[in-house]
Every structure is written in structure tokens, then in C-alpha cells.
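These are the residues of each chain, in order.
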Amino acid sequence: MEFSNSLIHWYLQNKRDLPWRNTTNPYPIWLSEIMLQQTRVAQGLPYFLSFTDAFPTIFDLANADEEQVLKLWQGLGYYSRARNLHATAKQIAFELNGEFPPSYKELLKLKGVGEYTAAAIASFSYNEPVAVLDGNVFRVLSRYFNVDSDISLPKTKTEFQQLAQEVLDKKNPAVFNQAIMEFGALQCVPKNPDCNSCVLNSSCAALQHKKVSELPVKSKKTKVTNRYLNYLILKDSDSNYIVQKREGKGIWENLYEFPLLETDFLLSEKDAIDQISKMQFYNQKPSEILILQNEITLHKLSHQHLHIRFFELRFASKLPDSKPFTAIEKLPFPIVIHNFMVSNYFNSH
DNA sequence: AAGTCGGGGGA
DNA sequence: TCCCCAGACTT
């Protein structure tokens, strides 16, 4: 109880003023929670503002095209969140009469809503006493109670979920959940937390045992694979371009890209152009092949390092379904391709 | 239980 | 460089 009171007191004095707080409307709360999954507040905030501007209600979101939703999501990453968000909006708008499921248990059934997000919405919107467990809560609890279980193991999640539920202030679940997460984000930070100024420093077990810098324990490390992407910008006689939607599983599902030549290893510039010159596109061969950068762009994802190069392939006639740049720029692209288009290429061509 | 999915920022 | 971020879903 002292833990809870201190956290809430700290929170009321130190909380950030964020647009999804000070409301119990589940729509903006849900929207913010999906956007903030594995995403910092500073990164998600502008997206939240543009979404609530474009889609003031869940009906507006439900009636939008997926392409428009993905375009607004462009650059935020983890695009399955946007696809699930849109699918869930349609379900709530058209099957549930626009009303969000009324409890943690029912919220959990929504696409894209897991244990954390269901608890967040249920507590913030309905004041239901269910504890949230996110990266912040793992860190705060592991330190305050000096728990060195490996948080990458599923059974540890169960252990912490139980602990979080025990310390939850059942009379103020909304404020408590906000408080413990905000405390983790601002005070009990991953590296070099300022324990001298911490309101919990007299009762923090990790601090007493000098274990703060070692907690939480997390073993799992994702290994990174290298991929080599050669994007072929097909430009036809009308100065129109070919783009295609990425289908199936893998990164960037349902986003657009240029025709892609992916290789298992890095080709020299000469070998790449050699290989491209042997390819046919709509029964035509390019009249000219240009490389558009001197340097290969290294785009780092958490689990893949993408080595990206752009070529321009000029054609002497029209290509089917080619589009002008003004049409292309309205489509959702991976941010690395979008950045290339706006900064390096289409501005000067 | 392990793998996949993005992008950015802080130390 | 490495690690983490208001995690969820698939295999």
C-alpha cells in the first residue's frame, strides 16, 4: 500500500500531459495503446494526432480504406497493428453497434488486443481492477522486489502478472496502472536511473542489494539476418512508374514497393546491372539501366539488416498499369523507400 | 517456447 | 554498438 501510495503521489506531480489521458472514451485509449505497443510516446504521439484528426470516431476509421489507414501509419512500423486496428474498428462499428466490449475478458478477444492492451483499456476506460504488465512494469517490479527471473520466459510473465495484480491499487486501478508505467518511463529508466531522487529509494530491494543495474534479467537476443534488396524503378515513356503491393507474410505486408530483385549476397554494381539487363518486364527490356546511388542504404530492423540499392530502368514505350508520381506518393510505402523517393530521387527527376 | 514483425532514440 | 520501447501473433 505504501508502494501504491508513493507511486500515485509521484505520478500526480510528475505525469506528462498526453492527449489520451483525461478521457475514459475507449476509442482514443484503444488507439493510443495499439500505437504505443513497443513504441515510445514521442514516436507515437504525432501519429495519434493525425489519426484522431482523420478519424474522430471509430465509425470514421471503420469506413476508411485499409490503404488510407496504412498511409497514416507509414513509418510507425509493425504494420500488422494497423491492419488489425482497421479490422477491429470495422467489427466494433458494424457488428457491435460502435460499442467497445465492456470488460477485460471481452476486450481480449479483439484482434491486436493482448493481455497488456486489454488491461490498459479496461482499467483506463472502465476502472476495472486488472493490472497492466508492460516493459515498464517488468522493470519497476523486478527492481523494487529484487526479482531476478528471466523476463523473456513465459512462466516469468505469469509470475510478474501475479505480482502486479497483488500490488495493484484495487480502488484506483486506472491511476495506479498509469502511475507505475509512467514511473518506469521517467524515473526507473533502463540505464543509469537516478536512485538518489527516487521516492521509493528507501524501500527498493534492488537498490539495497546493489542490483539495480542488473535488473530486469532478460536473456533472449534476436539474431539478425542480412538481406540484399535491389529495387528496380521502371520508368516508361510517359515518365510513369511501376509499383506493386507486397503480398503474403513477411515484412511490410500490404505496403507498396518497386519491383524487387532480392539476392542472397551482395552483388557488385556490374554484376547487378548484368543480371538486370537479362530480365524481361512485360515482354520488354529496358533501354537503359542506371544506378541511383553511390552508397548502399543500410536499413536496420530489429531482426533484419536490409542492404538496399535503387536502379532506374528506362523503357522506350508505355508499361501497363504504370502510375505518375502524384499517384504513387499517395500509397503507403516502407519508410526507407519513402525517404528515398522524397529526398533522393523524384524531386530531381 | 521460439520466431516474426519496424523504426527510432539514448547511452 | 547495443538495448529498449505503454506487445501481439504465428509456428
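The shown structure was predicted, so the numbers you read here are calculated from the model rather than taken from an experiment. (Residues numbered from 1 in each chain as written. Chains lettered and ligands numbered in written order. Predicted model: local features only at pLDDT ≥ 70, side-chain atom pairs only at ≥ 80, totals over all residues. Heavy atoms only, no water.)

Colleague: Could you clarify how one ought to interpret the overall build of chain A in this entry?
Modeller: A count of helices and strands for chain A gives 15 helices and seven strands. Viewed in the frame of its principal axes, chain A has a C-alpha envelope of about 75 × 50 × 35 Å. The proportion of buried residues among the 349 residues of chain A is 47%. Sequence separation of 24 or more characterises 68% of the internal contacts of chain A that already satisfy a separation of 6 or more. By element, 49% of the accessible surface of chain A is carried by carbon and sulfur atoms, the whole surface being about 17800 Å². Mean positive and mean negative side-chain charge positions of chain A (38 and 37 charges, respectively) differ by 4 Å. (Helix = DSSP H or I, 4+ residues; strand = E, 2+ residues; numbered from the N terminus. Buried < 20%, exposed > 50% of the residue type's maximum accessible area, 1.4 Å probe, protein only. Contact = heavy atoms within 4.5 Å. Areas by Shrake-Rupley, 256 points an atom, 1.4 Å probe, with all protein chains shown as cover. Lys, Arg positive; Asp, Glu negative; His and termini not counted. Charge placed at Lys NZ, Arg CZ, Asp CG, Glu CD.)

Colleague: Is there a simple way to think about the packing of helix α9 (residues 135-144) against helix α11 (residues 173-186) in this case?
Modeller: Packed helix pairs are characterised by how far apart their axes lie and by the angle those axes make with each other. Where α9 meets α11, the closest approach of the two axes is 8 Å, and the angle between their N-to-C directions is 80°. It follows from the interaxial angle that α9 and α11 lie roughly perpendicular. Contact with α9, carried on its side by Asn136, Val137, Arg139, Val140 and Leu141, involves Ile180, Met181, Phe183, Gly184 and Ala185 of α11 and no other residues of that element. Of the residues in the contact of α9 with α11, the class split is seven nonpolar, two polar and one charged. (Axes fitted to C-alpha atoms, helices over the stretch in contact; angles between N-to-C directions. Parallel < 35°, antiparallel > 145°, perpendicular 65-115°, else oblique. Nonpolar A, V, L, I, M, F, W, Y, C, P; charged D, E, K, R; others polar.)

Colleague: Even after reading the chapter, I still don't get the protein's contact with DNA strand B, so can you show me in this structure?
Modeller: Taken together, the neighbourhood of DNA strand B is formed by 21 residues, with Tyr78, Tyr79, Gly250, Ile251 and Trp252 sitting nearest. Here Arg40 contributes a side-chain N or O atom positioned 3.5 Å from a base nitrogen of DNA strand B. At 2.9 Å from a phosphate oxygen of DNA strand B is found a side-chain nitrogen or oxygen belonging to Tyr79. A class-by-class count of the residues in the surface near DNA strand B yields eight nonpolar, 11 polar and two charged. (Near = heavy atom within 4 Å. Polar contact = N/O pair within 3.5 Å; in protein donor to acceptor, adjacent residues only side chain to side chain.)

Colleague: I tried to follow the pairing of strand β6 (residues 297-300) on my own but got confused; where do I start?
Modeller: When a strand is regular, its side chains alternate between the sheet's two faces. As judged from the four bridges shared by β6 and strand β7 (residues 304-314), these two strands associate in the antiparallel manner. Residue pairing for β7: Leu298 is matched across the bridge by His307. (Pairing = 2+ DSSP bridges.)

Colleague: Just checking my understanding: could you explain the pattern of salt bridges for this structure?
Modeller: Side chains bearing opposite charge may pair, as long as their charged atoms lie close to each other. The full count for this structure, using the stated rule, is 10 salt bridges. The residue Glu253 makes a salt bridge to Arg83 at a minimum N-O spacing of 3.2 Å. Of this pair, Glu253 sits in the loop between β2 (244-245) and β3 (256-257) while Arg83 sits in helix α6 (residues 80-94), placing them 170 residues apart in sequence. Note on Glu253: relative accessible area 24%, which makes it partly exposed. Look at Arg83 and you get buried, because its relative accessible area is 17%. Between Glu288 and Arg314 there is a salt bridge, and its shortest N-O distance comes to 3.5 Å. Pair noted here: Glu288 is in strand β5 (residues 288-291) and Arg314 is in strand β7, with a separation of 26 residues, a long-range link. Residue class for Glu288 comes out partly exposed when judged on its relative accessible area of 37%. Connected through salt bridges with shared partners, the residues Arg16, Arg21 and Glu182 form a single ionic network. (Salt bridge = Lys/Arg side-chain N within 4 Å of Asp/Glu carboxyl O.)

Colleague: Just to check I follow, could you spell out the packing of helix α8 (residues 115-126) against α11 for this structure?
Modeller: The N-to-C vectors of α8 and α11 enclose an angle of 130°; their axes lie 8 Å apart at closest approach. When the axes of α8 and α11 are compared, the pair comes out oblique. As α8 packs across α11, the resulting crossing turns out to be left-handed. Contacts between α8 and α11 pair Tyr116, Ala119, Ser123 and Phe124 from the former with Pro173, Ala174, Asn177, Gln178 and Met181 from the latter. Partitioned by chemical class, the residues of the contact of α8 with α11 number six nonpolar, three polar and no charged. (Left-handed = near helix turned anticlockwise from the far one by under 90°.)

Colleague: Which parts of the structure should I look at to understand the protein's contact with DNA strand C?
Modeller: Among the 28 residues in the neighbourhood of DNA strand C, the closest are listed as Leu36, Gly112, Gly114, Thr117 and Arg139. Counting only the atoms of DNA strand C that lie within 4 Å of the protein, the sugar and phosphate share comes to 63%. One of the backbone N or O atoms of Gly135 is found 3.0 Å from a phosphate oxygen in DNA strand C. Among the elements of the structure, α8, α9 and α11 are those that each provide at least two residues to the surface near DNA strand C. When its residues are assigned to classes, the surface near DNA strand C shows eight nonpolar, nine polar and 11 charged.

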